[in-house]
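A look at the structure
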Amino acid sequence: MSMFVKFWGVRGSIPTPGPSTRRYGGNTSCVEVRTPEAHFICDAGSGMRELGLALSRTANGKPLTSHLMLSHAHWDHIQGFPFFGPVYSPTTTLRVYGTDPGDDRFFRLLSGQMGSDYFPVQFSDLAGRVVSDHLNGGCRVVGDTEVSVLPVCHPGGSLSYRFRLGDRMVVYSTDNELDLLIENPEDAHRPEVLRRLPEDLVSFVRGADLLIADGQYTDVEYPNRVNWGHSRASTCIDLALAAGVKQVAIFHHDPMQSDADVEAKIQGCRRRAALLQGSALSVFGAREGVELRF
Ligand SMILES: [Zn+2]
């Protein structure tokens, strides 16, 4: 049994194509999580278009079922959906999850963004089956995988997802302003002190093989972006260390950051991990096309 993860879009806020973002990629949030019996898509940012092309190639006319978990419905997390080719095929089933029974908010928002003022094809014209489903109040087994959800800190709300297959675990936690949750704010800018984060968040992440975490800002950028709904990348390290995570992917890179800026941000995170004696923690910048297996 193993889990497969692939990054299709890692950028925050708006797609940023161009030469300065070629290495990490300019597509917005979309991450694929695959297990032997289930196929999950985390967020429907612009990276979902390329994922759709790959899935259609692999399926080659055979039935395809995917489970779509949206963190929230801000543009950068839904804009890829109308360009996700498999929903135009009658052999596709896409289940769109709310948290509770009857919670079809995300399903309705996806359908709303295909209104005729926004897009030439209507939701009702899609040939695939797009179905509203739910996570049973916060935790449900889908195929062979236990999926749990946790509300996090973002204007208008955002959801983090945990995927557990046997003893393997991946957590997708984007659009979460960890810095507003620090329980020892007086120490929040002292480099040698661990920033304490709420226990419900730490236990949600505890022991993850991979934590995909919103680390949009550098320590220099963040003070001018407080309350925008995103974290200092360095605070993701504190969460990962407190939770005993094996590997953390810094995700949702700021659109103003070039490849060199992202690399500098990741080096800063690695220095913080070393300073806090978390040398066993592996830190990397989420990058389009990267695949991991656990
Ligand atoms: Zn976002």
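If you're wondering where the values come from, they're calculated on a predicted model, not measured in any experiment.

**As for the overall build of the chain**
Check the secondary structure of the chain and you find five helices and 14 strands. For 294 residues, the compact-globule estimate of 2.2 N^0.38 gives 19 Å, and the C-alpha radius of gyration of the chain, at 18 Å, lies within 12% of that figure. Its C-alpha atoms put the chain at 55 × 40 × 30 Å along the principal axes. For the chain, the residues scored as buried account for 57% of the 294 residues in total. Put simply, 70% of the contacts in the chain that link residues at least 6 apart link residues at least 24 apart. With the model as given, the accessible surface of the chain reaches about 12200 Å², and the carbon-plus-sulfur share is 52%.

**Concerning the pairing of strand β2 (residues 30-35)**
Within β2, five of the six residues are buried, leaving the element largely enclosed by the surrounding structure. Here five bridges tie strand β1 (residues 4-9) to β2, and the two strands are oriented antiparallel to one another. By the bridge assignment, G9 is partnered in β2 with C30. Looking at chain direction, β2 and strand β3 (residues 38-42) are connected through five bridges and run antiparallel. Counterpart to T35 in the pairing with β3 is A38. Taking the residues between adjacent antiparallel strands as the criterion, β2 and β3 are bridged by two residues.

**Overview of the layout of surface pockets**
Reported here for the largest pocket is a volume of approximately 240 Å³. What lines the largest pocket is a set of 13 residues, and nearest its centre among them are D219, S234, G268, C269 and R271. Of all the secondary-structure elements, those providing two or more residues to the lining of the largest pocket are α4 (233-242) and α5 (259-275). Among the elements that line the lining of the largest pocket, the one with the most residues is α5, at six residues.

**Considering the pattern of salt bridges**
Enumeration over the complete set of coordinates arrives at 16 salt bridges. In this structure, the salt-bridge partner of K6 is E291, at a minimum N-O distance of 3.2 Å. Taken together, the residues K6 in strand β1 and E291 in strand β14 (residues 291-293) connect sequence positions 285 residues apart. Given a relative accessible area of 41%, E291 falls into the partly exposed group. Among the salt bridges present, the one from D133 reaches R95, with a minimum N-O distance of 2.8 Å.

Parameters at a glance
Residues numbered from 1 in each chain as written. Predicted model: local features only at pLDDT ≥ 70, side-chain atom pairs only at ≥ 80, totals over all residues. Heavy atoms only, no water. Helix = DSSP H or I, 4+ residues; strand = E, 2+ residues; numbered from the N terminus. Rg over C-alpha atoms; globule rule 2.2 N^0.38 Å. Buried < 20%, exposed > 50% of the residue type's maximum accessible area, 1.4 Å probe, protein only. Contact = heavy atoms within 4.5 Å. Areas by Shrake-Rupley, 256 points an atom, 1.4 Å probe, with all protein chains shown as cover. Pairing = 2+ DSSP bridges. 1 Å grid on protein atoms, 1.4 Å probe; cavity = no way out; pocket = protein on both sides within 12 Å on 5 of 7 lines; lining within 4 Å. Points joined across faces, edges and corners; volume = space filled by probe spheres on them. Salt bridge = Lys/Arg side-chain N within 4 Å of Asp/Glu carboxyl O.

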